[in-house]
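Coordinate analysis (summary)
What follows is each chain in one-letter form.
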Amino acid sequence: MSGIVFFGTADLEGIIEFYEQRLGFERWLEQPECTILEYGNLLVGFCEREQAEADGVVTVVEETRAAVDDRYDDLTDVADEPPSENEPYRIYNFFGTDPDGRAFEVQTFLHDDHRA
């Protein structure tokens, strides 16, 4: 087991629907007032609270530039800008905003080896 990042949300079902339907996450575990989602080896929990915690960035890593472009095509209504290369980090990415106002990122590494 690795770890889980948790965020508070004022609209649990709405935020779960966004991450499942728009970003491809799957439900991993249901708990009282909390749902934990998974995307590959990423676990993110959302818990019903009075207000959303919108700090931080939820990043989805894709295998190819084409996959990032496909995601962008599906998310243009909530994306900040089209995907581009970020040379200092050697990634190809774009950012958007989820229904809570929290930033998300879709990226692929341009390294030959992700551990490099």
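Residues numbered from 1 in each chain as written. Predicted model: local features only at pLDDT ≥ 70, side-chain atom pairs only at ≥ 80, totals over all residues. Heavy atoms only, no water.

An unreviewed UniProt entry annotates the protein chain as VOC family protein originating from Halapricum desulfuricans.

Structural notes on the sheet that holds strand 7 (residues 91-97)
We apply this condition: Here, strands pair whenever DSSP counts at least two bridges between them. Numbering goes from the N terminus for both helices and strands, where a helix is a DSSP run of H or I of at least four residues and a strand is a run of E of at least two. To obtain each axis, a line is fitted to C-alpha atoms, and for helices this fit is confined to the stretch in contact; angles are then taken between N-to-C directions over 0 to 180 degrees. Contacts: residue pairs with any heavy atoms within 4.5 Å of one another.
Spatial strand order, 5-8-7-6: four strands in an open sheet with mixed pairing. What marks the edges here is a single partner per strand, and that holds for strand 5 (57-61) and strand 6 (84-86). Sheet twist, expressed as the average angle between the axes of neighbouring strands with direction ignored, equals 35°. Inspection of the sheet shows strand 6 paired to strand 7 by three bridges, in the antiparallel sense. Residue pairing in the sheet places Asn-86 in a bridge with Ile-91 of strand 7. Where helix 2 (residues 65-75) meets the sheet, it contacts strand 6, strand 7 and strand 8 (103-109), and its direction lies at approximately 15° from that of strand 7.

Focus on the sheet that holds strand 1 (residues 5-9)
Spatially, the four strands line up as an open sheet ordered 1-4-3-2, and their pairing is mixed. Unpaired on one side and paired on the other, strand 1 and strand 2 (26-31) mark the two borders of the sheet. Averaged over all pairs of adjacent strands, the angle between their axes in this sheet comes to 25°, without regard to strand direction.

Notes on unusual backbone geometry
With glycine set apart, most residues show a phi of negative sign, and most peptide bonds adopt trans. This is how the line gets drawn: Remark: exposure states derive from per-residue accessible area (1.4 Å probe, protein chains only) relative to the maximum for the residue type, with buried under 20%, exposed over 50%, and partly exposed in between.
Despite not being glycine, Glu-33 has its phi angle at roughly 65°, a positive value. Tracing the backbone through its elements, the reader meets Glu-33 in the loop between strand 2 and strand 3 (34-39). A residue is classified by how much of its surface remains accessible, and Glu-33, at 53% relative accessible area, is exposed.

Details of a nonpolar patch on the surface
The following threshold applies: Patch membership is restricted to residues that have no salt bridge and whose relative accessible area is over 30%. Joining uses 9 Å for like charges and 5 Å for the nonpolar side chains Val, Leu, Ile, Met, Phe, Trp and Tyr. Note on areas: these come from Shrake-Rupley sampling with a 1.4 Å probe, and a residue is covered only by the protein chains present in the view. Salt bridge criterion: a side-chain nitrogen from Lys or Arg within 4 Å of a carboxyl oxygen from Asp or Glu.
On the surface, Ile-4, Phe-6, Trp-28 and Leu-29 cluster together into a nonpolar patch covering about 330 Å² of accessible area. Relative to the assigned elements, Leu-29 resides in strand 2. Among the residues examined, Leu-29 registers a relative accessible area of 36% and is labelled partly exposed.

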